[in-house]
Amino acid sequence: MTRRPIKLEASWLRELESEFEQPYMTHLRAFLVEEKSKHRIFPPGDQIFSAFHCTPFDRVRVVVLGQDPYHGLGQAHGLCFSVRRGIAPPPSLQNIFRELHESEGVPVPKHGDLTHWAQQGVLLLNTVLTVRAHQANSHRGQGWERFTDRVIEVLNERKSGLAFVLWGSAAGKKSTMIDASKHRILRAPHPSPLSAYRGFFGCGHFSAINDHLVEEGSGPIDWRLPD
């Protein structure tokens, strides 16, 4: 049986094509086929790799690491922390908007779709790219982590001057994979209501990102989301 073509943005496929031939990826494919036969999976199949399509490899300037996708109906669309227009922003995203407003004066958006950030070079990457409906963390340990670790490795090795934004302990552990002499690493507690008051609020990461990008000779990110 002929394998379907890999639907990954061309510049990313150039960097990652060999990963799709690894044994772990064969296991992951089989796991997802089995899951889809029994459960509803988020995000929809054509949106699993949305972060890569919205932010091609050659345009990445900032990397924001999330965990696994939102598991509620209609929420996840392939960009970490982001939800489609018409879907109420979840609490973590509300806290991100609060920090952005309080630190930068950016008006709180009327929606939670972060595609505008992604199109400016902000790779919004979850470490696990799929989830079973209404069951957080249900697709951990099946291979996605190895794939997204390779994404981080490739970015670390082949690019310079990136800002890696690590919110929460899970994302923070990835700092050991990043060369701090080549890239800027920004760490803070997760924006979840359970931890945002421990140092996410007031972290100043949005201005730190733009200061770094300007130092690197790149333009700042426009954090405002168009209505």
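Not measured: the values here are computed from a predicted model. (Residues numbered from 1 in each chain as written. Predicted model: local features only at pLDDT ≥ 70, side-chain atom pairs only at ≥ 80, totals over all residues. Heavy atoms only, no water.)

A. Examining the overall build of the chain more closely. Scanning the chain for helices and strands turns up eight helices and six strands. Scanning the chain from its N terminus toward the C terminus, one meets helices and strands in the order α-α-β-α-β-α-α-β-β-α-β-α-β-α. For 227 residues, the compact-globule estimate of 2.2 N^0.38 gives 17 Å, and the chain sits close to it at 17 Å. By its C-alpha atoms, the chain is 55 × 35 × 30 Å across when sized along the principal axes. Here the contacts in the chain between residues at least 6 apart in sequence split such that 67% fall between residues at least 24 apart. Entry remark: accessible area of the chain is about 10800 Å², with carbon and sulfur atoms responsible for 50%. Here the chain carries 27 positive and 24 negative side-chain charges, and the mean point of each set is 5 Å from the other. (Helix = DSSP H or I, 4+ residues; strand = E, 2+ residues; numbered from the N terminus. Rg over C-alpha atoms; globule rule 2.2 N^0.38 Å. Contact = heavy atoms within 4.5 Å. Areas by Shrake-Rupley, 256 points an atom, 1.4 Å probe, with all protein chains shown as cover. Lys, Arg positive; Asp, Glu negative; His and termini not counted. Charge placed at Lys NZ, Arg CZ, Asp CG, Glu CD.)

B. The arrangement of empty space enclosed by the protein in detail. With the rule as written, the count across this model stands at one cavity of 30 Å³ or more. Lining the largest cavity are Val-64, Phe-81, Ile-96, Leu-114, Trp-117, Leu-124 and Trp-167. Here the residues of the lining of the largest cavity are counted per class, giving seven nonpolar, no polar and no charged. (1 Å grid on protein atoms, 1.4 Å probe; cavity = no way out; pocket = protein on both sides within 12 Å on 5 of 7 lines; lining within 4 Å. Points joined across faces, edges and corners; volume = space filled by probe spheres on them. Nonpolar A, V, L, I, M, F, W, Y, C, P; charged D, E, K, R; others polar.)

C. Quick look at the packing of aromatic side chains. Enumeration over the complete set of coordinates arrives at 17 aromatic pairs. Centroid distance Phe-52 to Phe-147: 6.1 Å. Interplanar angle 65°. Geometry classified as edge-to-face. Of this pair, Phe-52 sits in helix α3 (residues 50–54) while Phe-147 is found in helix α6 (residues 144–158), placing the two residues 95 residues apart along the sequence. Judged by its relative accessible area of 1%, Phe-52 is buried. (Phe/Tyr/Trp six-rings, centres within 6.5 Å; stacked < 30°, edge-to-face > 60°. Buried < 20%, exposed > 50% of the residue type's maximum accessible area, 1.4 Å probe, protein only.)

D. Quick look at the sheet that holds strand β3 (residues 122–126). Within the open sheet, the four strands sit side by side as β3-β2-β5-β6. Their pairing is parallel. Two strands lie at the open edges of the sheet, namely β3 and β6 (184–188), each paired on one side alone. Neighbour-to-neighbour, the strand axes of the sheet open up by a mean angle of 20°, direction not taken into account. Packed on one face of the sheet, helix α8 (residues 205–215) meets β2 (62–66), β5 (163–167) and β6 and runs near 180° to β6. (Pairing = 2+ DSSP bridges. Axes fitted to C-alpha atoms, helices over the stretch in contact; angles between N-to-C directions.)

E. Highlighting the packing of helix α2 (residues 23–38) against α6. The interhelical angle for the contact between α2 and α6, taken along N-to-C directions, is 130°, at an axis separation of 9 Å. Here α2 lies oblique to α6, going by the angle between them. Here α2 contributes Tyr-24, Met-25, Leu-28 and Leu-32 to the contact with α6, which in turn contributes Trp-144, Arg-146 and Phe-147. (Parallel < 35°, antiparallel > 145°, perpendicular 65-115°, else oblique.)

F. Layout of the layout of surface pockets. Considering only enclosed or pocket space, the second largest pocket measures out at about 360 Å³ in volume. As for the second largest pocket, its lining consists of 23 residues, and the residues nearest its centre are Gln-67, Asp-68, Pro-69, Tyr-70 and Asn-126. A class-by-class count of the residues in the lining of the second largest pocket yields 10 nonpolar, 12 polar and one charged.

G. Representation of the nonpolar core. Judged by nonpolar contacts, the single largest core of 70 residues is most densely connected at Trp-12, Phe-52, Trp-117, Phe-147 and Leu-155. The dominant element in this core, judged by the number of residues it contributes, is α6, at six residues. (Core = buried A, V, L, I, M, F, W, Y, C linked by side-chain atoms within 4.5 Å.)

H. Representation of the side chain of Gln-47. Turning to its location among the elements, Gln-47 is positioned in the loop between β1 (41–42) and α3. Look at Gln-47 and you get buried, because its relative accessible area is 17%. Setting aside residues no more than four positions away along its own chain, Gln-47 makes contact with Ala-76, His-77, Gly-78 and Arg-84.

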